Amino acid sequence: MTDEIKKEEPKLIEVREIKSRGKSSVVEWVDEGKAFRKVVPVNKIKDGAIPEDVLDKAPQYGIPWAKEIKVKATAEDIEIALHNAGIWTADDALKNSNRIIGAINAAYKTSLASVLQTAKKYIKKE
């Protein structure tokens, strides 16, 4: 009696094509609330899905922001920034959402300039 070796079907991940160029396509999918994008061969996409092993080997699309932007805020830093912005009470918070956003930005010490600087660094690489 011969044992048939059953080849397991690869797990398919549903993706959305963002853009195609030649033989490559940028695809996007969401897993546990986190969006991912990778560059894959167009011919690997079948009916809006792609094998998981193909995605595992595909290069990332976009800037790895988490590796580039450094934040060092503690809860105490946020409290200090909120107080400095005049947010002391629940009523203050409910009436001043723009001040809260400014305070959070100040506490994280991440600015538009640092994001743009990272973007310019990557443009030079592309």
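Residues numbered from 1 in each chain as written. Predicted model: local features only at pLDDT ≥ 70, side-chain atom pairs only at ≥ 80, totals over all residues. Heavy atoms only, no water.

### Digging into unusual backbone geometry
The phi dihedral of Glu 32 is positive, around 55°, even though this residue is not glycine. Structurally, Glu 32 can be placed in the loop between strand 3 (24–31) and strand 4 (34–41). The phi angle at Asp 47 is positive, at roughly 50°, despite the residue not being glycine. Tracing the backbone shows Asp 47 in the loop between strand 4 and strand 5 (49–51). Residue classification places Asp 47 among the exposed positions, given a relative accessible area of 86%. (Helix = DSSP H or I, 4+ residues; strand = E, 2+ residues; numbered from the N terminus. Buried < 20%, exposed > 50% of the residue type's maximum accessible area, 1.4 Å probe, protein only.)

### Considerations on the layout of surface pockets
Computed from the structure, the largest pocket encloses a volume of approximately 320 Å³. Considering the residues around the largest pocket, the lining is formed by Lys 34, Ala 35, Phe 36, Arg 37, Gln 60, Tyr 61, Gly 62, Ile 63, Pro 64, Trp 65, Ala 66 and Lys 67. Counting only elements with at least two residues in the lining of the largest pocket, the list comes to strand 4 and helix 2 (65–68). At four residues, the largest contribution of residues to the lining of the largest pocket is made by strand 4. (1 Å grid on protein atoms, 1.4 Å probe; cavity = no way out; pocket = protein on both sides within 12 Å on 5 of 7 lines; lining within 4 Å. Points joined across faces, edges and corners; volume = space filled by probe spheres on them.)

### Description of the side chain of Lys 38
Note on placement: Lys 38 falls in strand 4. Nearest to the buried, unbridged Lys 38 among oppositely charged side chains is Asp 56, at 5.4 Å. A distance of 3.4 Å separates a polar atom in the side chain of Lys 38 from the backbone oxygen of Ala 58. In this structure Lys 38 touches Ser 25, Val 26, Val 27, Trp 29, Leu 55, Asp 56, Ala 58, Pro 59, Gln 60 and Tyr 61, once residues within four positions along its chain are discounted. (Lys, Arg positive; Asp, Glu negative; His and termini not counted. Salt bridge = Lys/Arg side-chain N within 4 Å of Asp/Glu carboxyl O. Polar contact = N/O pair within 3.5 Å; in protein donor to acceptor, adjacent residues only side chain to side chain. Contact = heavy atoms within 4.5 Å.)

### Regarding the nonpolar core
Ile 13, Val 15, Val 27, Trp 29, Val 40, Ile 45, Ile 50, Val 54, Leu 55 and Ala 58 form the largest nonpolar core, which has 10 residues in total. Breaking this core down by element, the ones donating at least two residues are strand 3 and helix 1 (52–57). Ignoring any residue separated from it by four or fewer positions in sequence, one finds Ile 50 in contact with Lys 11, Leu 12, Ile 13, Val 15, Val 40, Lys 44, Ile 45 and Leu 55. (Core = buried A, V, L, I, M, F, W, Y, C linked by side-chain atoms within 4.5 Å.)

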